[in-house]
Every structure is written in C-alpha cells, then in structure tokens.
Amino acid sequence: MGLSDLKNTLGKIVIHKEEMRRDIGFLRQASGNFRAASNVCKRGVDSSRWAGEAADVFENRYSELGKSIDVQADECERVAGKMEEVIRVFEQTERDIQAQINKLLSRGNG
C-alpha cells in the first residue's frame, strides 16, 4: 500500500468513526426515550373506575408493554456498546496506519 492509499484509508476511518459516534448518540438518546416510555407504562393508568376482567387485562397488557419497551432500550444500549468497540478498533488502526505513514515519510517516500 502506497502513501496516498494509506492517507486515503486513514481519512475514511476518521469519517466513519465520526459517523458512528453520531449514531451512538442517537442510540443512547433512543434508549433514554424508550426508558421514559417504559416508566409511563409501568406507572400504569388510573383504572380505579374500571371493574372486572377488562381492567385486569388492560393493566397486565400495559405492564407487559413497559417490559417490551425496556427490551428495546437494552438493545439500543447493546448496539451502542458494540459500536464503541468498533471505534476502539478503528482508533488502533488509525495509530497503525499513521505509524506506517510516518515510516514512509521518514524514508523520504512522501
């Protein structure tokens, strides 16, 4: 790989890393929004005026919805964490490519 190829690859890594950071921010925001929605579901609704099986069914379904939403929040956090792992790999790759670039430059191949 030549110097221009290395520089091109390095530039692409930097761009992808920044895009991933924005995506991670979005996922974390979505996770927070899911958690807020889940808390609303878990608090439930005022069904004191309801009676019988219909009230029980509604409350149970509403509670289940909160649990389901928590799963989505957890999944957003899991994906964000995996993306952070990829960023760490990108950062190591950046260091390795920069070392190769410096080596080529020090040999006068720039």
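To be clear, the structure that these remarks concern was listed above.
Residues numbered from 1 in each chain as written. Predicted model: local features only at pLDDT ≥ 70, side-chain atom pairs only at ≥ 80, totals over all residues. Heavy atoms only, no water.

Engineer: Looking at this model, I keep getting lost on the environment of Phe58. Mind explaining?
Structural biologist: Here Phe58 is to be found in helix α2 (residues 52-106). Distance from Phe58 to Arg35, taken between C-alpha atoms, is 20 Å for residues 23 residues apart in sequence. (Helix = DSSP H or I, 4+ residues; strand = E, 2+ residues; numbered from the N terminus.)

Engineer: What's the story with the pattern of salt bridges in this structure? I'm lost.
Structural biologist: Side chains bearing opposite charge may pair, as long as their charged atoms lie close to each other. Summed over the entire model, instances satisfying the criterion amount to eight salt bridges. Asp70 is the salt-bridge partner of Arg35, the closest N and O atoms lying 3.5 Å from each other. Placement of Arg35 in helix α1 (residues 3-43) and of Asp70 in helix α2 is noted, with a sequence separation of 35 residues between them. Relative accessible area serves as the criterion here: at 15%, Asp70 is assigned to the buried category. (Salt bridge = Lys/Arg side-chain N within 4 Å of Asp/Glu carboxyl O. Buried < 20%, exposed > 50% of the residue type's maximum accessible area, 1.4 Å probe, protein only.)

Engineer: Would you take a moment to explain α2 for this structure?
Structural biologist: Since the α-helix turns once every 3.6 residues, residues separated by three or four places project in the same direction. For α2, spanning 55 residues, the distance from its first C-alpha to its last is 82 Å, which sits close to the expected 81 Å at 1.5 Å a residue. Directly beyond the C-terminal end of α2, a positive phi value near 85 degrees is found at Gly108. (Expected span 1.5 Å × (residues − 1).)

Engineer: What is the right way to read the nonpolar core from this model?
Structural biologist: Generally speaking, soluble globular proteins have nonpolar side chains that are buried together. Counting eight residues, the largest nonpolar core consists of Met20, Ile24, Leu27, Ala30, Cys76, Ala80, Met83 and Ile87. Beyond its immediate chain neighbours, meaning those up to four positions away, Ile87 contacts Lys17, Met20, Arg21 and Ile24. One finds Leu3, Leu10, Ile13 and Ile101 within the second-largest nonpolar core, a separate group that totals seven residues. (Core = buried A, V, L, I, M, F, W, Y, C linked by side-chain atoms within 4.5 Å. Contact = heavy atoms within 4.5 Å.)

In short, geometric facts, not functional conclusions.
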